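Per-entry structural report
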Amino acid sequence: MNELIFFFNNVIVAGVVLGSIYAVGAIGVTLIFGILRFAHFAHGDMMTMGAFIAFLLMLAFQAMGISVPFLPTGFLVLPIAMVITAIIALGLDKGFYAPLRRRGARPVTLLIASIGVTLIIQGLIRLFFGSGTWNFFETEPKQLIRIPVPLEGVTRTINFTQPQLLMVICTVVAVLALHFFLTRSRLGKAMRAMADNADLAQVSGINTKLVVRVTWIIAGSLAAMAGTMLALDVQLKPDLAFNIVLPIFAAAIVGGLGQSYGAIAGGFLIGFAETAAIFNWSVLLRPISGALPFEVPATLAVVPTEYKLTVAFVILVVVLLWRPTGIFKGAQT
Amino acid sequence: MPLIELKNVVGGYGGAPILNGVNIAIEQSDIGVIVGPNGAGKSTTLKAIFGLLKVTEGSIVFGGEEIQNSLPDKLVPKGLSFVPQEKNVFTSMSVEENLEMGAFTRTDDFRPTMEWVYEMFPVLREKRRQPAGELSGGQRQMVAMGRALMSQPKLLLLDEPSAGLSPRYVLEIFEQIVKVNKAGVGILMVEQNARQALAFASRGFVLATGKNRFTGTGPELIADPEVAKSFLGG
């Protein structure tokens, strides 16, 4: 039993947390692809930027003595960080991508431009914050929640931190809000229409420029949320989300590009797969070692932790061989 | 004054012009049909009206206002709607959502219009929760027309509404178009099934190499031996 709880803490809890971050990031990638038909490579850095904005806001709030009991200040400032990042995302589009679109640039040109934006954002962050790491919980405690399992002989507890619990709640709220926006509101439906058939959306009189703006607002605010969540779970550094932009793209592609629900499914699939792949399965085998015909090695993981990134690609390859447009039928360029 | 009037319209996609002086005038009570050989500029004419390609010379007057080179989101509220030939439904969205998208530019209550569309095409009411991509070709065409009618247009532009449909459905679609026209919507359509379409056209336009060759009522054009010989296959 103790071993199963160890497994639960290390694979299920960690998978839900990582999956939430991937899912919220991948929704932005998939929405931008669905509406603007290009892979927004700078999405990871938009996440990092959002996290740094949240960090600055947290320092400001703490300096002013604003706080809410039981709520880490990082979560308190999250809505403001989301708004600011959404505005910056609109500015990035206006400054870099919109002029290229107006000249009829091909998707690959926009992709290259977004790599440029990546370098700009990372450079700016390093200019102001250096290349060191920062912590959201320098002055506040990161509360650990332990839930004892009421079974005989069980000494381990189910463990997760308070920020982890809050970020899962945030993810659920964000996903539900997005779902209702896309299925109930006029503008949300127009967004789906434009992702489905941009020419017909234009012909129907849908204000496509407005839809593009709304896309950046949603993608920007979700990027800030995903980035801040990641920084709250680990720590803040200039290449925080740049390092996970590949699994996020893998999640969006696995789910079917342009499909928001696919991105969520893909995010959790890759999150769980990564935590399961680096888990030391010997822990589970050891109690039954007597019944096994071989000796249980000290460590038995699919991949070592430092090669975690490969898991996303293996899943990507397998899913695309099985369904070339992703789990949910996605768009093609 | 006609509802829409194209005067010597010249235009194209930037290179050599595809339209070399198209003249079209129809009233709101008319069904106008544009016929002609491949590459005559039939579909291009509709796209020029709808601002989807650049008009370099001539004018397009709709409801007393020059509209050449206006974009669709300005034209739809003025009372102009367009049904493209291909990919004319949002396949991943339900029939009802397709209709709603047609009403995007409206700020008033569009439910009466939706009711009117459902009365015109009863099969759409039955399938309103189904994704439009799952419907048959004929039903998709109805979704496409229904979507275009949701903005309460004065003039409906249809690009080959019978393309790809079986003969049974061709007749049905033409009957629906007449019904829409009787409800007070002007029609301007491009058709490959020239003889069949001209039979109920109150205005017919035969285009070739981007300009008018013959203009008249549908029956007049069918009766004209020269039109029949060169454009209607004898």
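Residues numbered from 1 in each chain as written. Chains lettered and ligands numbered in written order. Predicted model: local features only at pLDDT ≥ 70, side-chain atom pairs only at ≥ 80, totals over all residues. Heavy atoms only, no water.

1. Let's talk about the pairing of strand β9 (residues 203-208) of chain B
All names here are of chain B. Selection criterion: Exposure categories follow from relative accessible area, calculated using a 1.4 Å probe and restricted to protein chains: below 20% of the type maximum is buried, above 50% is exposed, and the middle band is partly exposed. Working definition: helices are DSSP H or I runs of at least four residues, strands are E runs of at least two. Numbering for both runs from the N terminus. Strands qualify as paired when DSSP identifies two bridges or more between them.
For β9, a buried count of 5 out of 6 residues is recorded, marking the element as mostly surrounded by other parts of the structure. Examined bridge by bridge, strand β3 (residues 31-35) and β9 share 4 bridges and lie parallel to one another. Bridging across to β9, valine 35 finds its partner in valine 206. As paired strands, β9 and strand β10 (residues 211-216) are joined by 5 bridges and run antiparallel to one another. What sits directly across from valine 206, in β10, is phenylalanine 214.

2. A closer look at helix α7 (residues 167-182) of chain B
All names here are of chain B. Put simply, the rule reads: In this analysis, the expected span of each helix is defined as 1.5 Å times one less than the number of residues it contains. Directions from the helix axis toward the C-beta atoms define the arc. Two residues qualify as a contact provided that any one of their heavy atoms is within 4.5 Å of a heavy atom in the partner residue.
Under the 1.5 Å per step criterion, the end-to-end length of α7 is 23 Å for 16 residues, consistent within 8% with the ideal 22 Å. Among the residues of α7, Val170, Ile173, Phe174, Gln176, Ile177, Val180 and Asn181 are the ones counted as buried. Down the axis of α7, the buried set is contained in an arc of 160°. They therefore lie on one face. The exposed set on the far side of α7, more than 90 degrees from its buried face, consists of Arg168, Glu175 and Lys182. Residues of α7 that are buried in the fold lie against β3, α4 (111-120), α6 (137-149), β7 (155-159), β8 (186-190) and α8 (194-198).

3. Looking at the side chain of lysine 189 of chain A
With respect to the secondary-structure elements, lysine 189 of chain A resides in helix α7 (residues 186-196). Residue lysine 189 of chain A is classed as buried on the basis of its relative accessible area, which comes to 8%. If near-sequence neighbours (up to four positions away) are discounted, lysine 189 of chain A is found in contact with Phe181, Leu182, Thr183 and Arg184 of chain A together with Met93, Glu97, Glu100 and Met101 of chain B.

4. Describing a positive patch on the surface
Defined as follows: In this analysis, a patch consists of residues with relative accessible area above 30% that form no salt bridge, clustered at 9 Å for like charges and at 5 Å for the nonpolar side chains Val, Leu, Ile, Met, Phe, Trp and Tyr. To be clear on the numbers: accessible area is Shrake-Rupley with a 1.4 Å probe, and residue cover counts the displayed protein chains and nothing else. Salt bridge criterion: a side-chain nitrogen from Lys or Arg within 4 Å of a carboxyl oxygen from Asp or Glu. His residues and chain termini do not enter the charge count, which takes Lys and Arg as positive and Asp and Glu as negative. The atoms used to mark charge sites are NZ of Lys, CZ of Arg, CG of Asp and CD of Glu.
Side chains of Lys94, Arg102, Arg103, Lys209 and Arg213 of chain A sit close together on the surface and give a patch of like positive charge. A residue is classified by how much of its surface remains accessible, and lysine 209 of chain A, at 60% relative accessible area, is exposed.

5. Overview of the domain arrangement of chain B
One widely used convention gives an interface's size as the accessible area the parts lose upon coming together. Residue and element names in this part refer to chain B. To keep it simple, the criterion reads: The domain limits used here are those given by an automatic or database domain assignment. Two parts placed together each lose some accessible area; with a 1.4 Å probe, that loss summed over both constitutes the buried area. Put simply, Ala, Val, Leu, Ile, Met, Phe, Trp, Tyr, Cys and Pro go in the nonpolar bin, Asp, Glu, Lys and Arg in the charged bin, and everything else, Gly too, in the polar bin.
When the domains of chain B are assigned, the result is domain 1 (1-79 + 153-234) and domain 2 (86-151). Computed over C-alpha atoms only, the centres of domain 1 and domain 2 are separated by 23 Å. The partner domain 2 presents 13 residues to the 17 residues of domain 1 that form the contact. A buried area of about 1300 Å², summed over both sides, lies between domain 1 and domain 2, and 76% of it is on carbon and sulfur atoms. Applying the counting rule to domain 1 against domain 2 returns 0 salt bridges. Secondary-structure elements contributing two or more residues to the side of domain 1 that touches domain 2 are α2 (72-78), β7 and α7. Ranked by the residues each element gives to the side of domain 1 that touches domain 2, the list is headed by α7, at 7 residues. Residues belonging to the side of domain 1 that touches domain 2 are distributed by class as follows: 13 nonpolar, 1 polar and 3 charged.

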